[in-house]
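Residue strings, one per chain:
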Amino acid sequence: MPKDRHVSVNGITIKITEQGEGPLILLLHGFPETSYSWRHQFQPLAEAGYRVVAPDQRGYGGTDCPEGIDNYTILHLVGDVVGLIHALGEKHAVVVGHDWGAMVAWNTALIRPDVVRGVVGISVPPLPRGLVPPMAAARERFGEDFYQIHFQQPHVAEAELSKDIPATFRKVLAGPRAATGGGQGGFLGSFTEPETLPGWLTETDIATFAAQFATTGFTGGLNWYRNLDRNWELTTAWQDTPITPPSLYISGERDGVRSIYPPDFLENADEIVPNLRGVVNVPNSGHWTQQECPAEVNKALLDFLNGL
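The sections below set out a description of the structure shown in this document. (Residues numbered from 1 in each chain as written. Predicted model: local features only at pLDDT ≥ 70, side-chain atom pairs only at ≥ 80, totals over all residues. Heavy atoms only, no water.)

### Quick notes on the pairing of strand E6 (residues 116-122)
- Within E6, six of the seven residues are buried, which leaves the element mostly enclosed by the surrounding structure.
- Taken together, the six bridges between strand E5 (residues 93-98) and E6 define a ladder with parallel strand orientation. Bridging across to E6, Val-95 finds its partner in Val-119.
- What joins E5 to E6 is helix H3 (residues 100-111), and the crossover it makes is right-handed.
- In terms of strand pairing, E6 meets strand E7 (residues 247-252) through four bridges, oriented parallel. By the bridge assignment for E7, Gly-121 is matched with Tyr-249. (Buried < 20%, exposed > 50% of the residue type's maximum accessible area, 1.4 Å probe, protein only. Helix = DSSP H or I, 4+ residues; strand = E, 2+ residues; numbered from the N terminus. Pairing = 2+ DSSP bridges. Right-handed = clockwise from strand over helix to strand, strands pointing away.)

Rendered as structure tokens:
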């Protein structure tokens, strides 16, 4: 069974869940999630001969939440991944990320390809560094109501998300929403709370996520968004640099992220991810793909892993 423990990395304590022995696979969650979002991946990957480790990332769950927005830049997040690989006694790993975790995975492969045997992004594709800061581009494309712009305001989204945390997770994980969100109705204003949960999500799942965020709050995760423009500045040196490790992209066919980050990187895949091994579109899946359709995701991961 998966076991929890804590590891010291880069001056913070990171809580990890791990199972199995063999080549190291790191599973990086998104927002608002924790390592619990990978609960369906541990057993199949471990039984296939892999050491599976999922951290609560910086600012989440059982991991430390440093104060200060500037402690959550992409260089901190990539540094945590690299530091964790070494703290686990390994020289490299396959890095798999969902949502924001995908952005961390892609950037780890970009910045430190020497420690990445392979990289998998779920939902969020590899995003080449743009020519203007991300928030300026978002304002021009989506307007002030875009949720990432809404998240820039300190304390505002925290108060909204924390008001009724179980309801927050019912809405975010299972409620239909507009693609952009935010604005006068807040982030949650574009969601409808479902009368019943979908088959892939239980009240125990909701209670688990709610308990984790009741302890830590949402500020750590929101600070990741508050560094998007700073990340753009910090990654100047990697402008137009390809992601060279073997890669895989997985996307739910009904994932609303497709309207924000369409997978048009495929038009220039040779320049962006020259070692792309495949693209998997998961039918009947929304944004929470590894939770909604674990069998399909696990098969795609194992096909990729076994081909390395």
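Following the structure, the description resumes.
### Overview of the packing of helix H2 (residues 74-87) against H3
- For the pair H2 and H3, interaxial distance at closest approach is 9 Å and the crossing angle is 75°. Put simply, H2 runs roughly perpendicular to H3. Here H2 contributes Ile-74, Leu-75, Leu-77, Val-78, Val-81 and Val-82 to the contact with H3, which in turn contributes Trp-100, Met-103, Val-104, Asn-107, Thr-108 and Ile-111.
- Here the residues of the contact of H2 with H3 are counted per class, giving 10 nonpolar, two polar and no charged. (Axes fitted to C-alpha atoms, helices over the stretch in contact; angles between N-to-C directions. Parallel < 35°, antiparallel > 145°, perpendicular 65-115°, else oblique. Contact = heavy atoms within 4.5 Å. Nonpolar A, V, L, I, M, F, W, Y, C, P; charged D, E, K, R; others polar.)

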